[in-house]
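Chain by chain, the residues:
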Amino acid sequence: MAIDDALRWNGELTLTRHDPHTGASFVIRVDSTRLGQAAGGTRAAHYDSVTDALDDAGRLAGAMTLKMAVSNLPMGGGKSVIALPAPRPAIDDKTWTRILRLHADNIERLNGAYWTGPDLNTTSADMDTLYDTTEFVFGRSVDLGGAGSSAINTACGVFEAMKATAVHRRFGGRNTLDGLTVLVQGLGAVGSHLAMLAAEAGARLLVCDVDADRLDWAHGLGFTVVASAHVPTTPCDIFAPCALGGVIDSVAARELRAAAVVGAANNILADDRAGSVLRERDITYAPDFVANAGGALHLVGREVLGWNTDTVEQHTKAIGDTLTEVYSISDTEQITTDAAARILARRRADAMASAITAEVS
Ligand code: NAI
Ligand code: PHE
């Protein structure tokens with residue numbers, strides 16, 4: 001992507017910084033603060049260029065705005081990307097700590113316009129390190145007063161989305177996951193828990209990861225491992241991308257042999273065309289920013305709204321209802337589920353914005 005295209009972005013704020021000492025580059029993007037301070041996780045990964053990191057941060061921040069709105073959470077959307085000089089496992093502890101301290105310093109400079117939390121390749125322990133420098137951090141360890149990892153609740157929300165999708169599709173007359181084949185791509189913090197929930201519900205699990213230890217773990221549980229290259233063409237009822245985004249472009253959408261796509265990864269669709277191809281092929285797509293909102297509900301619910309675990313659970317179960325509403329709008333309006341979810345997010349954002357205005361005046 002050209003730098004001009006990456007900078008031509010409709011969001012509110014971009015912060016970038018480079019650290020010559022470690023070779024890491026930092027991007028924070030605030031997409032919208034219409035409903036409140038922006039929040040979104042810190043993603044650490046190796047990128048081909050800083051331009052790619054800028055572009056990814058912008059898309060991810062936009063997804064957070066939609067996620068907060070469709071979940072009725074009074075927060076805006078933002079995201080951080082740390083573009084690492086090498087893949088995360090190759091970064092030593094001392095270098096990682098320096099990188100986190102610089103990232104925390106960047107967040108602190110934004111003075112609350114942006115709150116971070118865990119995401120791909122960052123943990124609650126990393127949030128504890130950030131908190132040494134800045135208070136604008138969700139998801140610190142429970143022992144240190146935070147809400148802890150968001151991953152388990154994210155997995156619970158995706159599981160609710162799978163059940164709602166099974167009802168919507170009426171898989172062979174069934175409305176549960178019992179007997180369905182579920183393919184989970186990425187057995188990290190979210191994917192591993194999701195795989196276990198689906199297996200407990202009676203699904204047959206196919207899994208894939210790039211990390212040999214995680215595959216050993218999956219073997220031990222009797223899951224069937226699929227090679228990464230075969231993922232798009234492996235027949236299954238539900239494909240659950242739980243690693244990186246952009247896994248379904250229009251080519252993959254044409255090849256896919258799943259009846260539904262319900263996963264945790266942010267920005268699963270590489271482009272709008274992919275959503276249309278899925279619709280043309282009658283593959284049900286659960287928009288990621290609806291299905292994966294469990295983490296945001298956990299972090300914002302516990303740390304901003306003062307919810308207890310029961311209330312978080314109630315709101316997480318409601319992800320299934322929101323998704324059912326999305327499917328209904330899509331069917332009525334004859335549009336993609338992604339477009340339908342954006343309509344619902346806009347409606348809910350407008351309702352929240354009016355309530356905030358009424359409260360102030
Ligand atoms: P994680 O870093 O714990 O796990 C990612 C897993 O994907 C790792 O096991 C990694 O080895 C694997 N992986 C990486 N590249 C792969 C590839 N090409 N093929 C197969 N596996 C691959 O990350 P986490 O927290 O589980 O997040 C997963 C996804 O869910 C990310 O896209 C994240 O943005 C999204 N998400 C996470 C939330 C959370 O609360 N952690 C909330 C909402 C979305
Ligand atoms: N990174 C997670 C997500 O994409 C969890 C998160 C939510 C982190 C809200 C910070 C704020 O939903």
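Residues numbered from 1 in each chain as written. Chains lettered and ligands numbered in written order. Predicted model: local features only at pLDDT ≥ 70, side-chain atom pairs only at ≥ 80, totals over all residues. Heavy atoms only, no water.

## What to know about the state of the cysteines
Heads up, the condition is: Note on disulfides: each one is a pair of cysteine sulfur atoms within 2.5 Å. Three exposure classes are used, based on accessible area relative to the maximum for each residue type with a 1.4 Å probe and protein chains only: buried under 20%, partly exposed in between, and exposed over 50%.
One pass over the structure, following the stated rule, counts 0 disulfides. The thiol of Cys 156 is unpaired, and the distance to the nearest cysteine sulfur, on Cys 242, comes to 13 Å. Taking relative accessible area as the criterion, Cys 156 reaches 25% and is therefore assigned partly exposed. Counting only cysteine sulfurs, Cys 208 is the nearest neighbor of Cys 236, a cysteine outside any disulfide, at a range of 11 Å. Given the relative accessible area of 10%, Cys 236 is considered buried.

## Re the sheet that holds strand β12 (residues 284-285)
To keep things clear, this is the line we draw: Between any two strands, pairing holds if DSSP finds at least two bridges. For helices the rule is a DSSP run of H or I covering at least 4 residues; for strands it is a run of E covering at least 2, with both sets numbered from the N terminus onward.
As summarised here, the arrangement of the 6 strands in space is β9-β8-β7-β10-β11-β12, forming an open sheet in which the pairing is parallel. On the outer flanks of this sheet lie β9 (224-225) and β12, each paired with one strand and no other. Strand direction decides the pairing type here: strand β8 (residues 204-208) and β9, joined by 2 bridges, are parallel. Bridged to Leu 206 within β9 is Thr 224.

## As for the site of ligand 1
Defined as follows: Nearness here has a simple test: a residue counts as near a molecule or strand if at least one of its heavy atoms is within 4 Å of that partner. Here a polar contact is recorded for every N or O atom pair within 3.5 Å, except that within protein the pair must consist of a potential hydrogen donor and a potential acceptor, and residues adjacent in sequence are included only if both atoms are side-chain atoms. Exposure was quantified through the Shrake-Rupley algorithm and a 1.4 Å probe, taking into account, for residues, occlusion by the shown protein chains and nothing else. Polar here means any residue other than Ala, Val, Leu, Ile, Met, Phe, Trp, Tyr, Cys and Pro, which are nonpolar, and Asp, Glu, Lys and Arg, which are charged; Gly is therefore polar.
Close to ligand 1 lie 25 residues; Arg 43, Ser 150, Thr 154, Asp 209 and Ala 243 are nearest. In this structure, Ser 150 approaches ligand 1 through a side-chain N or O atom, which is 2.7 Å from an oxygen atom. Within the backbone of Ala 264, one N or O atom sits 3.4 Å away from an oxygen atom of ligand 1. Relative to its free-state accessible area of 840 Å², ligand 1 is covered by the protein chains to the extent of 86%. Of all elements in the fold, only α5 (151-169) and α6 (189-200) reach the threshold of two or more residues within the shell around ligand 1. By residue class, the composition of the shell around ligand 1 is 11 nonpolar, 8 polar and 6 charged.

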